[in-house]
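Each chain, written out:
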Amino acid sequence: MSGKAKDILQLDLYGLLGIESTATTKEIKKAYRQKALTCHPDKNPDNPKAVELFHQLSQALEVLTDAAAKAAYDKICAAKKQAEERNRKLDDKRKKIKLDLETRERNAEAQSQEEVQITRTLEEEIARLREEGSRQLEEEQRLIREQIQREREAQQQETGGLSFLPSFSFQLKWKCKKDDGSNGGYSEDILFRLLQKYGDVLNVIVSSKKKGSAVVEFATVRAAELAVKNESGLSENPLKISWLEGQPEVLAPVSQPGNFMSSQGALTNERDYESVVMMKMRQAAERQRLIEQMQKDDEEDASGS
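Residues numbered from 1 in each chain as written. Predicted model: local features only at pLDDT ≥ 70, side-chain atom pairs only at ≥ 80, totals over all residues. Heavy atoms only, no water.

The chain is annotated in an unreviewed UniProt entry as DnaJ homolog subfamily C member 17 from Dicentrarchus labrax. The chain has a UniProt comment under Function (unreviewed entry) that states "May negatively affect PAX8-induced thyroglobulin/TG transcription." (UniProt positions renumbered as here; feature names shortened; annotations may be inferred.)

Next up, the structure:
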C-alpha cells in the first residue's frame, strides 16, 4: 500500500468536511469551500497546523468528488465498520479466540486477496487523479484565491489603496534526463498544485530545454518560507529548493500593511515606504534577469545539442 493511500485511509474524509456520506457533489464542494476558507494559510500565517489541515481538506475534495475514488474509499470504510460491528458482538472469550486466530492468519498471509484488491483499486484511482489533476480541486481553490483577493482589495481600499508589497522567489531543481519527455514528472501545473497550498503563487517559470529547473515567485514571504520548509515534491523525484538571494528580511511595513497608513490615511514613515518601493523595483529587475538567464540557458542548450 502506498504512503498516500495509507494517509488517506487514516482520515475521516466526511468528518473533515462535516458532511454525511450521502452528501451530493454540490454539498461536498460547498462544505470544502467553507472549511478551506477558515484554514487557508494566507489567512492563518501564525498557525503552523493550517497548512496540514488545508492539505487534508484538499485530499478529501479530490477523493469524494471523483466517483471511482469515492466508491473505493466508501467500500473500505464499509468493510471497517462491518468488522468493528462483528467484533463488538463477540463476547470476551470468543473475541480472544478470534484475535489469536487472526494473528496466526496475518503471520501466514499479510492481507486477504479481497483487501489487497480493494486497496489496489483505491491506489489506482488516487494515481489517476494525480496524473490527470483534479478539476474539482483546481476550480474550488481558484474560487478561494479569488475570494481572498477580493478581501485583500477591500482591505486595501480601507487603508487608502496601498498595495505596493514585495514578492519572494526561490529556485527549484530536480533530477531529469535530457531525453525525458515528462521533465522528471514536473510541469508548471504540477508545481503550481504542489505549492499553492502554502499561499498565493504569482509565477511558475519552468525551463523548456534545461531539464530539471524552475523559478517560483510567491506573493508573501510567509508562504515562501512554508514552501521551503515543508515541500519535498514527488516522492519518486524530490525537489531541491533554495532562495534566489538568501532568505529575505521583511520590513515591518511589509508584514504589517496597516503600519503604512495613519488613521487619517497619511504615511507614518516615508523612509520605510521608499525602502519598500526600492525592494519591489529590485525584485522586479531580478525576476526579469532570471527569466532572461533561463532563456539564454535554453538557447545555449539548443545550440549545443
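Structure shown, so let's carry the discussion forward.
As for the sheet that holds strand E6 (residues 240-243)
In sheet architecture, strand pairing relies on hydrogen bonds along the backbone and comes in two forms, parallel and antiparallel. Here we have four strands laid out as an open sheet, ordered E2-E3-E1-E6, and antiparallel in their pairing. Two strands lie at the open edges of the sheet, namely strand E2 (201-206) and E6, each paired on one side alone. Sheet twist, expressed as the average angle between the axes of neighbouring strands with direction ignored, equals 20°. Set on the sheet, helix H9 (residues 188-195) makes contact with strand E1 (168-173), E2 and strand E3 (213-218); between it and E2 the angle comes to about 145°. (Pairing = 2+ DSSP bridges. Helix = DSSP H or I, 4+ residues; strand = E, 2+ residues; numbered from the N terminus. Axes fitted to C-alpha atoms, helices over the stretch in contact; angles between N-to-C directions. Contact = heavy atoms within 4.5 Å.)

Let's talk about the nonpolar core
Proteins that are soluble and globular tend to have nonpolar side chains buried together. Ranked by size, the top nonpolar core spans 33 residues in total, and within it Leu13, Leu17, Tyr32, Leu64 and Tyr73 carry the most contacts. Going through the elements one at a time, helix H1 (3-9), helix H2 (13-17), helix H3 (25-39), helix H4 (49-64), helix H5 (67-89), helix H7 (113-132) and helix H8 (135-158) are the ones with two or more residues in this core. Contacts of Leu64, omitting those with residues within four sequence positions, involve Leu13, Tyr14, Leu17, Ile28, Lys70 and Tyr73. (Core = buried A, V, L, I, M, F, W, Y, C linked by side-chain atoms within 4.5 Å. Buried < 20%, exposed > 50% of the residue type's maximum accessible area, 1.4 Å probe, protein only.)

Section: the packing of aromatic side chains
Evaluation of the coordinates by the stated rule reveals four aromatic pairs. Ring centres 5.7 Å apart and planes at 35° place the aromatic pair Phe170 and Phe218 in the tilted group. One end of the pair, Phe170, is in strand E1; the other, Phe218, is in strand E3, and 48 residues separate them in sequence. Here Phe170 and Phe218 have matching classes, each one buried. Between the aromatic rings of Trp174 and Tyr186, the centroid separation amounts to 4.9 Å while the plane-to-plane angle is 45°, which identifies the pairing as tilted. Residue Trp174 is found in the loop between E1 and H9, and its partner Tyr186 is found in the loop between E1 and H9; the two are separated by 12 residues along the sequence. When sorted by exposure, Trp174 lands in the same class as Tyr186, which is buried. Within the aromatic cluster, the residues linked to one another by ring pairs are Phe170, Phe218 and Trp243. (Phe/Tyr/Trp six-rings, centres within 6.5 Å; stacked < 30°, edge-to-face > 60°.)

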